[in-house]
Amino acid sequence: MSDLATLLDERAIQRGLSMFARALDERNFESLAEVFAADMTFDYGIGGEQNGLSSLCELVSHFLLQCGPTQHLLGSIIIDVDGDTATSRAYVQARHQRKDDPMGPVLDTNGEYVDQWQRRAEGWRIVRRDVLWQIFTGDNGILPLPLD
């Protein structure tokens, strides 16, 4: 694979990560299908392995529809492309505000997304996500308890 092809693949993957963060903050969960494969697997660090894009959408909507505005920032992104597969690692800092309380407390969550990507007919898609949470600061009551 040429260096230009690798750069274009990395750019497409980085764009996918950015689209994910914006989809969460805009509560546009349907657009996650542009980033994740329908048959993906994930461990969000809050209760074990789960399967499928619909499960991921259910999980993130469970949390985000019960809090106010959020901002998910991704940084220190490293992408390693190997043919039709890739691995990305991105730090995440997510700020969550209490619903209906714009001047109130916030909850910051910090960690890392470790994603396995696959090139598919529709483009690059995440087929596996592992989330490694490291820091929680602020009001833990802003987000609901994890799903049962």
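Up top is the structure.
> Before we go on, may I ask you to explain the side chain of Ser-88 in this structure?
Mapping Ser-88 onto the fold places it in strand β4 (residues 85-97). For Ser-88, a relative accessible area of 0% corresponds to the buried category. A polar side-chain atom of Ser-88 sits 2.8 Å from a polar atom in the side chain of Trp-117. Each residue touching Ser-88, except ones within four places of it in the same chain, is listed here: Ile-13, Leu-17, Ile-78, Ile-79, Tyr-113, Val-114, Asp-115 and Trp-117.

> Sorry if this is basic, but what is going on with the pairing of strand β1 (residues 36-43) here?
Along any regular strand the residues' side chains alternate between the sheet's two faces. In this sheet, strand β6 (residues 123-138) lies alongside β1 in parallel orientation, the contact comprising 4 bridges. Note on β6: the bridge partner recorded for Thr-41 is Arg-128. In the sheet, β1 pairs with strand β2 (residues 49-51) via 3 bridges, with the strands oriented antiparallel. Bridging from a neighbouring strand, Thr-41 pairs with Asn-51 of β2. Hairpin geometry of β1 and β2 is characterised by an intervening segment of 5 residues between the two adjacent antiparallel strands and by a positive phi of about 75° at Gly-45.

> Explain the nonpolar core to me, please; I cannot follow it from the model alone.
What tends to happen in soluble globular proteins is that the nonpolar side chains get buried as a cluster. One finds Phe-20, Leu-32, Phe-36, Tyr-44, Leu-53, Leu-56 and Trp-117 to be the most contacted residues of the largest nonpolar core, which totals 32 residues. Secondary-structure elements contributing two or more residues to this core are α1 (3-25), β1, α2 (53-64), β4, β5 (106-120) and β6. Considering every element that reaches this core, the biggest residue donor is α2, with 7 residues. When near neighbours in sequence (up to four residues on either side) are disregarded, Leu-53 contacts Leu-32, Ala-33, Phe-36, Ala-37, Ala-38 and Met-40.

> Explanation requested: α1 in the structure shown.
Helical periodicity: at 3.6 residues per turn, an α-helix aligns residues three or four positions apart in one direction. For α1, with 23 residues, the first-to-last C-alpha span of 33 Å sits near the 33 Å given by 1.5 Å per residue. Looking at the packing, one finds that the buried side of α1 touches β1, α2, β3 (70-82), β4, β5 and β6. Positive backbone phi, approximately 55°, marks Arg-27, located one or two places after α1.

> Just checking my understanding: could you explain the packing of aromatic side chains for this structure?
The way to describe two aromatic rings as a pair is by their centre distance and the angle between their planes. Within the structure shown, the criterion is met by 5 aromatic pairs. On the numbers, 5.6 Å between centres and 75° between planes, the contact of Phe-20 with Phe-36 is edge-to-face. One end of the pair, Phe-20, is in helix α1; the other, Phe-36, is in strand β1, and 16 residues separate them in sequence. Measuring from centroid to centroid gives 6.2 Å for Phe-42 and Tyr-44, while their planes differ by 80°, and the two rings are edge-to-face. Each of the two residues, Phe-42 as well as Tyr-44, counts as buried. Every member of this aromatic cluster is reached through a ring pair, and the members are Phe-20, Phe-36, Phe-42, Tyr-44 and Tyr-113. Geometry around Phe-20 places Arg-129 over its ring, the cationic atom sitting 4.3 Å from the centre. In this arrangement the basic side chain of Arg-129 is found over the ring face of Tyr-113, its NZ or CZ atom lying 3.9 Å from the centre.

Conventions and cut-offs
- Residues numbered from 1 in each chain as written.
- Predicted model: local features only at pLDDT ≥ 70, side-chain atom pairs only at ≥ 80, totals over all residues.
- Heavy atoms only, no water.
- Helix = DSSP H or I, 4+ residues; strand = E, 2+ residues; numbered from the N terminus.
- Buried < 20%, exposed > 50% of the residue type's maximum accessible area, 1.4 Å probe, protein only.
- Polar contact = N/O pair within 3.5 Å; in protein donor to acceptor, adjacent residues only side chain to side chain.
- Contact = heavy atoms within 4.5 Å.
- Pairing = 2+ DSSP bridges.
- Core = buried A, V, L, I, M, F, W, Y, C linked by side-chain atoms within 4.5 Å.
- Expected span 1.5 Å × (residues − 1).
- Phe/Tyr/Trp six-rings, centres within 6.5 Å; stacked < 30°, edge-to-face > 60°.
- Lys NZ or Arg CZ within 6 Å of the ring centre and 35° of its normal.

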